[in-house]
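Residue-level structure breakdown
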2 protein chains.
Amino acid sequence: MPVNSRPPTILDIAEAAGVSKTTVSRVLNGSARVAPETRTRVRDAIARLGFQVNLAARSLRTSRTGLVGLLVPVISIFGLIVESLDGQLAEHGLGVLLTSSRRRDAPRDLDSLEMLVGRGVDALVLAPSDDRSPELARYLRSLRTPMVLLDREVRGVACDAVLVDHAPALLAAVRHLVDDGRQMIGLITRNDRTRPGRELVAGFAAACAAAGLAPSSTHVAEFVDLDQQAAQTGVDTLLDRGVDAIIATGTLALTAGILERLAQHGVGVPSEVSLVTWGHAGPENLETGLPTIAYPVEEVARLTARLVLSRIEGSTATPRVEVTRTVFLPGDVPLHAAVG
Amino acid sequence: MPVNSRPPTILDIAEAAGVSKTTVSRVLNGSARVAPETRTRVRDAIARLGFQVNLAARSLRTSRTGLVGLLVPVISIFGLIVESLDGQLAEHGLGVLLTSSRRRDAPRDLDSLEMLVGRGVDALVLAPSDDRSPELARYLRSLRTPMVLLDREVRGVACDAVLVDHAPALLAAVRHLVDDGRQMIGLITRNDRTRPGRELVAGFAAACAAAGLAPSSTHVAEFVDLDQQAAQTGVDTLLDRGVDAIIATGTLALTAGILERLAQHGVGVPSEVSLVTWGHAGPENLETGLPTIAYPVEEVARLTARLVLSRIEGSTATPRVEVTRTVFLPGDVPLHAAVG
DNA sequence: TTGAAAGCGATACCAT
DNA sequence: ATGGTATCGCTTTCAA
């Protein structure tokens, strides 16, 4: 068998199966109007010649790419969501074109967005790093591409969204701490340029109020990046204000940084200061044993995939907003790290 | 200005600029054979009408997609590399089609790969979760798409690769521990289905030998996934064998799990057991203060991008292998986490 | 320096 | 149920 220099096209298949291009196309697209026997012949030919549709050609004709554009601020953080989304979309023959704004600002978001749109993605899944940017809002409004916002609210843009409600988990966390005798709780959280940042601050304030804590005892330290700097400054600030508990809504790296800083100050956890961490819901993930606010990764991915698929299948229904929530896990085993 | 129902094509531009499609195409592709004045007129028209090339059409004609396929086992772990790669490739107008085999096996790798190839990517960047699979090797051999392996070695496949040398860092780490008085070092590392897993084990053994440690004092605990299970079992096994130092070559989650397990055993760090962790090289990343083996994320991404670009530009040179290395950072501040 | 026309590989309409 | 043909938007000879 000679090595074909050129990959087979539907015309090759048509000839091999003794039918027309049209019929091959029908088989490819699962049209019902094909005789079973013909379908078999075509399928055989496809398998025999190792035919694969040329997606560029199909795309040109149908003006659909089978690609979903994904914009996230930091890939490592959104990794599990991206992964889950990728898996679900792949089941429907959709590919994921990924871009990260690398934890930056609105202009960076726009650049990435334009690249995705320029490639003609069929839908966008967006977690811009600044959902308050007017330029972003204007740009999104100008798009016809269907889109789903990932826990973001962009003013004046009516589109599908998956939102995460942080209030119940914060309420539970604060209750847990208060029941444990804590009276002054501090929050270390992200900046307010995206919805979760704002919701966490608001939800925390509400939770403290509901738990009967004096307003003065709620402290918020906000940082642009949830890195070492955030951990150190956050801990120092909060200790300074006399907190006896900290809720940290960031990555495991933030948690580690906070633990280290507390250790440097000689503060015992949880004896002197309680720590509530942030994690992913799901069996696969390492639990530190600390009380944790768990983010519903799979759920978010599932809801997002569903919305995307429905739009790609052509739904023009009014924008839908799905809401899910973080969950507070009390944590069975407190983290006791021994003194060196 | 009426809203165009249909996005402008080069024909629209051609008419608006009073030239032919051909000329517009020449401008688009930066051909030298265009009069400066003509070029300007065309550029104006492009800007005025908000024209964007239809990549599907271009792709059909040139049989290049401008897409690079990326296969990684776990997105969160490869996040920084993906991000950096994405950024560099974007500068050259290339998009990244991402797939993860979700920490699974060879069949999963193959599925993802076929999807990427089916989409006609111009190049592949691969970190399969099992680089010893014969099926994978056979499949890769059958491909014409240029590819770059990310710290993987696939038998019988001659292609570009970026490899990471772990030996020097391990040597330095072991020396550091021995100088510190440690005599029995354990290693907690990943499975041997990929190159880094094998290299770490081999490098560790060599380092121990070079440091004059008895062979019996080197212990390796291998796990499929570097999660909580790995941390607990690894720590238990190693303590059981009487180690006074542990080198953990996994994510921050593994480190956290190990710290926790040690704490549960009431073992002080570093007083009783020293811990060397694994991290990313670079200023952006949180350092725990513990001695660390740092992975050269940016360097790997840069080398990879360079290899990819060179192939995409048509290089048919003999396969190139770039080698970089992890670096041992002694760590200034040991992690003292206070007892609760 | 510029343009006319062919063609990339599919799909979709209209016949039969 | 099947086939012929125009067409999607661009690049690429080949001529002028």
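What follows deals with the domain arrangement of chain A. Residue and element names in this part refer to chain A. Domain annotation for chain A reports domain 1 (10–53), domain 2 (65–164 + 298–324) and domain 3 (167–295 + 329–337). With 16 residues of domain 2 at the contact, the number on the domain 3 side is 11 residues. At the boundary of domain 2 with domain 3, total buried surface from both sides reaches about 1300 Å², with 49% on carbon and sulfur atoms. In this structure, the connection of domain 2 to domain 3 is made through 3 salt bridges. The salt bridge involving aspartate 151 is made with arginine 195; its shortest N-O contact spans 2.8 Å. One can count 5 residue pairs in polar contact (both at pLDDT 80 or more) joining domain 2 with domain 3.

This brings us to the protein's contact with DNA strand C. Lining the immediate surroundings of DNA strand C are 26 residues, of which Ile10(A), Ser25(A), Arg61(A), Arg26(B) and Thr38(B) lie closest. In the interface set of DNA strand C, defined as its atoms within 4 Å of the protein, sugar plus phosphate atoms amount to 52%. Here a base nitrogen of DNA strand C sits 3.3 Å away from a polar atom, N or O, in the side chain of Lys21(A). Side-chain polar atom of Arg58(A) to a phosphate oxygen of DNA strand C: 3.0 Å apart, as the coordinates give it. Residue assignment for the surface near DNA strand C shows that the elements contributing at least two residues are helix H2 (21–28) and helix H4 (55–62) of chain A together with helix H2 (21–28) and helix H4 (55–62) of chain B. Broken down by element, the surface near DNA strand C gets its largest block of residues, 5 residues, from H4(A).

In the vicinity of DNA strand D lie 26 residues, with Thr23(A), Ala35(A), Thr38(A), Ile10(B) and Arg61(B) positioned nearest. A distance of 3.3 Å separates a phosphate oxygen of DNA strand D from a polar side-chain atom of Asn29(B). Here a phosphate oxygen of DNA strand D sits 3.1 Å away from a polar atom, N or O, in the main chain of Asn54(B). Mapped onto the surface near DNA strand D, the elements with two or more residues apiece are H2 and H4 of chain A together with H2 and H4 of chain B. Partitioned by chemical class, the residues of the surface near DNA strand D number 8 nonpolar, 11 polar and 7 charged.

Glancing now at the side chain of Thr249(A). For Thr249(A), the position within the fold is in the loop between strand E8 (245–248) and helix H11 (252–264). Among the polar contacts listed, one links the side chain of Thr249(A) to the side chain of Thr189(A), at a separation of 2.8 Å.

This part is about the nonpolar core. Of all hydrophobic cores here, the largest spans 94 residues; its most connected members are Leu89(A), Ile247(A), Ile293(A), Leu89(B), Ile247(B) and Ile293(B). Leaving out residues up to four positions away in the same chain, Leu89(B) has contacts with Val68(B), Leu94(B), Val96(B), Ala305(B), Val308(B) and Leu309(B).

It is worth spelling out the packing of aromatic side chains at this point. Considering all chains together, one arrives at 2 aromatic pairs over all chains under this definition. Taken together, a centroid distance of 6.2 Å and an interplanar angle of 50 degrees make the contact between Trp278(B) and Tyr295(B) tilted. Taken together, the positions of Trp278(B) in strand E9 (residues 274–280) and Tyr295(B) in strand E10 (residues 292–295) put the pair 17 residues apart, joining distant regions of the chain. There is no split in this pair, since Trp278(B) and Tyr295(B) are both buried. The ring of Trp278(A) has Arg190(A) sitting right over it, with the charged end atom 5.4 Å from the ring centre.

Attention now goes to the packing of helix H1 (residues 10–17) of chain B against H2(B). All names here are of chain B. Between H1 and H2, the shortest axis-to-axis distance is 8 Å and the interhelical angle comes to 105 degrees. Comparing the axis directions of H1 and H2 gives the class roughly perpendicular. Where H1 approaches H2, its residues Ile10, Leu11, Ile13 and Ala14 are matched on the opposing element by Lys21, Val24 and Leu28. Taken together, the residues of the contact of H1 with H2 break down into 6 nonpolar, no polar and 1 charged.

Before going further, it helps to examine unusual backbone geometry. Note that the residue after Val269(A), namely Pro270(A), is joined by a cis bond; omega there is 0 degrees. Mapping Pro270(A) onto the fold places it in the loop between H11 and strand E9 (274–280). Even without glycine at this site, Asp151(B) takes up a positive phi of about 50 degrees. Its location among the elements puts Asp151(B) in the loop between strand E4 (147–150) and strand E5 (160–165).

For the rest of this paragraph, the subject is the environment of Val321(B). Residues and elements named next belong to chain B. With respect to the helices and strands, valine 321 occurs in strand E11 (residues 321–325). The sequence separation of valine 321 and threonine 304 amounts to 17 residues, and the corresponding C-alpha distance is 10.0 Å. If near-sequence neighbours (up to four positions away) are discounted, valine 321 is found in contact with Ala161 and Leu163.

All right, on to the pairing of E9(A) then. Residues and elements named next belong to chain A. For E9, a buried count of 6 out of 7 residues is recorded, marking the element as mostly surrounded by other parts of the structure. As a crossover connection, the stretch from E8 through H11 into E9 is right-handed. Where E9 meets strand E10 (residues 292–295), 4 bridges bridge the pair, whose relative direction is parallel. Bridged to threonine 277 within E10 is threonine 292.

Looking now at helix H5 (residues 75–90) of chain A. Along its 16 residues, H5(A) runs just 19 Å from first to last C-alpha, ending more than 12% under the 22 Å computed at 1.5 Å per residue. Listing the buried residues of H5(A) in full gives Ile75(A), Phe78(A), Gly79(A), Leu80(A), Ile81(A), Val82(A), Glu83(A), Ser84(A), Leu85(A), Asp86(A) and Leu89(A).

All names here are of chain B. Within the secondary structure layout, serine 101 lies in the loop between strand E2 (95–100) and helix H6 (106–118). Accessibility expressed as a relative area gives 0% for serine 101, which makes it buried. Serine 101 sits 205 residues away from arginine 306 along the chain, and the two C-alpha atoms are 24 Å apart. Among residues more than four places away in sequence, those in contact with serine 101 are Leu71, Val72, Pro73, Arg108, Asp109, Ser112 and Ser129.

All names here are of chain A. When we look at burial in helix H1 (residues 10–17), the residues that qualify are Ile13, Ala14 and Ala17. Summarising the axial view, the buried residues of H1 lie within an arc of 100 degrees, below the 170-degree limit, and thus occupy one face. Glycine 18, located one to two residues past H1, shows a positive phi value of around 70 degrees.

Pairing between side chains becomes possible if they bear opposite charge and their charged atoms approach one another. All names here are of chain A. Under the counting rule described, the total for this entry stands at 22 salt bridges over all chains. Ionic pairing is found between arginine 6 and aspartate 12, a salt bridge with its closest N-O pair at 3.7 Å. On the accessibility criterion, arginine 6 (49% relative accessible area) is partly exposed. Aspartate 180 is the salt-bridge partner of arginine 182, the closest N and O atoms lying 3.7 Å from each other. Overall, the relative accessible area of 47% leaves aspartate 180 in the partly exposed class. Here the residues in one salt-bridge network are Asp151, Glu153, Arg195 and Glu199, joined through shared partners.

What counts as what
Residues numbered from 1 in each chain as written. Chains lettered and ligands numbered in written order. Predicted model: local features only at pLDDT ≥ 70, side-chain atom pairs only at ≥ 80, totals over all residues. Heavy atoms only, no water. Domains from an automatic or database assignment. Contact = heavy atoms within 4.5 Å. Buried area = accessible area lost by both parts, 1.4 Å probe. Salt bridge = Lys/Arg side-chain N within 4 Å of Asp/Glu carboxyl O. Polar contact = N/O pair within 3.5 Å; in protein donor to acceptor, adjacent residues only side chain to side chain. Near = heavy atom within 4 Å. Helix = DSSP H or I, 4+ residues; strand = E, 2+ residues; numbered from the N terminus. Nonpolar A, V, L, I, M, F, W, Y, C, P; charged D, E, K, R; others polar. Core = buried A, V, L, I, M, F, W, Y, C linked by side-chain atoms within 4.5 Å. Buried < 20%, exposed > 50% of the residue type's maximum accessible area, 1.4 Å probe, protein only. Phe/Tyr/Trp six-rings, centres within 6.5 Å; stacked < 30°, edge-to-face > 60°. Lys NZ or Arg CZ within 6 Å of the ring centre and 35° of its normal. Axes fitted to C-alpha atoms, helices over the stretch in contact; angles between N-to-C directions. Parallel < 35°, antiparallel > 145°, perpendicular 65-115°, else oblique. Right-handed = clockwise from strand over helix to strand, strands pointing away. Pairing = 2+ DSSP bridges. Expected span 1.5 Å × (residues − 1). Arc of directions from axis to C-beta.

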